[in-house]
Amino acid sequence: NSGLDDKAEQQRRRGRSLFRSLMNLPGSDEMGALRQKVLLKWIRTARTEAQQLKVAEATDVCIGQWIARSSADDDGMWPAAFVCEALEDLQPSETLAKAVVSERRRMLGAHWLDENGTASRQEGERYCEWAERLGESYPFVAAKILKPLAEQLTRQADAEGARVISQRRVYR
C-alpha cells in the first residue's frame, strides 16, 4: 500500500511540475492570444483527469493562476470576454476562483504607500467598476473574482492609510 502512496505522490509532483513549467495558458496561439474553444476543452480535460488522480484542488489552483495572468480585452478590461465566458461555462470551484484572486493580487506587486492608500484604492475601484459592468453577463466572474479583488484592495488601502498615519505620529 505504501508503494501505491509513493507512486501517487510522484504523479502529483510531476503534475505540479508540468503545470508550473507551462508559460502560457493552454489555448494560446503563437502570439499569446487565447482561443476560447481550445481553452475550454483543455481545462475540462485537465480537471477530469485531475479528479481521477485525486489532485483536483491543486489543478484548480494552477488553472486559476494561469487565468489570473491572462490578458485583458482590447479595451483594457480584465479578464477578457472569452475568459469570462469560459469561466461561466465551466462552473469552476471556489478553489479556482480564490487562486485567480490570490495570483492577481500577487501580480500587483509592491507599490508606494500614502495615507490614502491611493494605489490600492484606485486598483480596487477599477475591479469594482469591472464587476459592475460584467455582473449581468458574467455573474460568477463578477461575484467570485472581481468583487473579492475590489474588496481586498479597498481593505488594503484602508490599512495602508492607517499604517502611514500611525508611523507619522510615532516619528514626529
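Data block above holds the structure.
What you are looking at is a predicted structure, and each value in this text was computed from that prediction instead of being measured.

Novice: Can you tell me about the overall build of the protein, naming the residues and giving the values?
Specialist: Helix and strand counts for the protein come out as 7 helices and 0 strands. Along its sequence from the N terminus, the protein presents helices and strands in the succession α-α-α-α-α-α-α. Out of the 172 residues belonging to the protein, those deemed buried represent 36%. Counting contacts in the protein only where the partners sit at least 6 residues apart, residues at least 24 apart contribute 70% of the total.

Novice: Which residues make up the packing of helix α3 (residues 56-68) against helix α5 (residues 94-108), and what values go with them?
Specialist: Here α3 crosses α5 at 45°, and the two axes come no closer than 7 Å. By the angle between their axes, α3 is oblique relative to α5. Considering how the two elements wind past one another, α3 and α5 form a crossing that is right-handed. Where α3 abuts α5, its residues Glu-57, Asp-60, Val-61, Ile-63, Gly-64, Gln-65, Ile-67 and Ala-68 lie against Thr-95, Leu-96, Ala-99, Val-100, Glu-103, Arg-104 and Met-107. When grouped by side-chain class, the residues that make up the contact of α3 with α5 number 8 nonpolar, 3 polar and 4 charged.

Novice: Pulling in residues and values, what's your account of the environment of Ala-86?
Specialist: Looking at the element boundaries, Ala-86 is found in helix α4 (residues 81-90). Overall, Ala-86 belongs to the buried group, its relative accessible area being 2%. Here the alpha-carbon distance between Ala-86 and Lys-41, two residues 45 residues apart in the chain, equals 9.7 Å. Ignoring any residue separated from it by four or fewer positions in sequence, one finds Ala-86 in contact with Gln-36, Leu-39 and Leu-40.

Novice: Account for the packing of aromatic side chains, naming residues and giving values.
Specialist: Within this structure, the stated rule accounts for 3 aromatic pairs. Relative to Trp-66, the ring of Trp-42 lies with its centre 5.4 Å away and its plane at 70°, an arrangement referred to as edge-to-face. Here Trp-42 is found in helix α2 (residues 36-53), whereas its partner Trp-66 is found in helix α3, with 24 residues between them in sequence. With relative accessibility at 3%, the residue Trp-66 sits in the buried group. Their ring planes at 85° and their centres at 6.2 Å tell us that Trp-78 and Tyr-127 sit as a pair that is edge-to-face. Of this pair, Trp-78 sits in the loop between α3 and α4 while Tyr-127 sits in helix α6 (residues 118-134), placing them 49 residues apart in sequence. Assessed through its relative accessible area of 1%, Trp-78 is described here as buried.

Novice: A description of α3 should follow, citing residues and the corresponding values.
Specialist: An ideal rise of 1.5 Å per residue puts 18 Å on 13 residues; α3 measures up with 18 Å between its terminal C-alpha atoms. Within α3 the residues assigned to the buried category are Thr-59, Asp-60, Cys-62, Ile-63, Gly-64, Trp-66, Ile-67 and Ala-68.

Novice: So, the nonpolar core: which residues are in play, and what are the values?
Specialist: Ranked by size, the top nonpolar core spans 34 residues in total, and within it Ile-67, Trp-78, Leu-87, Tyr-127, Ile-145 and Leu-146 carry the most contacts. Residue assignment for this core shows that the elements contributing at least two residues are α2, α3, α4, α5, α6 and α7 (139-170). Element by element, the count of residues in this core is highest for α7, at 8 residues. When sequence neighbours within four positions are dropped, the list of residues in contact with Leu-87 reads Ile-67, Pro-92, Leu-96, Phe-140, Val-141 and Ile-145.

Novice: Kindly report on the packing of α2 against α4, identifying the contributing residues and their values.
Specialist: As a packed pair, α2 and α4 sit with axes 10 Å apart at the nearest point and diverge in direction by 35°. Considering how the two elements wind past one another, α2 and α4 form a crossing that is right-handed. From α2, Gln-36, Leu-39, Leu-40, Ile-43, Arg-44 and Arg-47 reach across to α4, where they touch Phe-82, Glu-85, Ala-86, Asp-89 and Leu-90. For the contact of α2 with α4, the class distribution of residues is 6 nonpolar, 1 polar and 4 charged.

Calculation notes
Residues numbered from 1 in each chain as written. Predicted model: local features only at pLDDT ≥ 70, side-chain atom pairs only at ≥ 80, totals over all residues. Heavy atoms only, no water. Helix = DSSP H or I, 4+ residues; strand = E, 2+ residues; numbered from the N terminus. Buried < 20%, exposed > 50% of the residue type's maximum accessible area, 1.4 Å probe, protein only. Contact = heavy atoms within 4.5 Å. Axes fitted to C-alpha atoms, helices over the stretch in contact; angles between N-to-C directions. Parallel < 35°, antiparallel > 145°, perpendicular 65-115°, else oblique. Left-handed = near helix turned anticlockwise from the far one by under 90°. Nonpolar A, V, L, I, M, F, W, Y, C, P; charged D, E, K, R; others polar. Phe/Tyr/Trp six-rings, centres within 6.5 Å; stacked < 30°, edge-to-face > 60°. Expected span 1.5 Å × (residues − 1). Core = buried A, V, L, I, M, F, W, Y, C linked by side-chain atoms within 4.5 Å.

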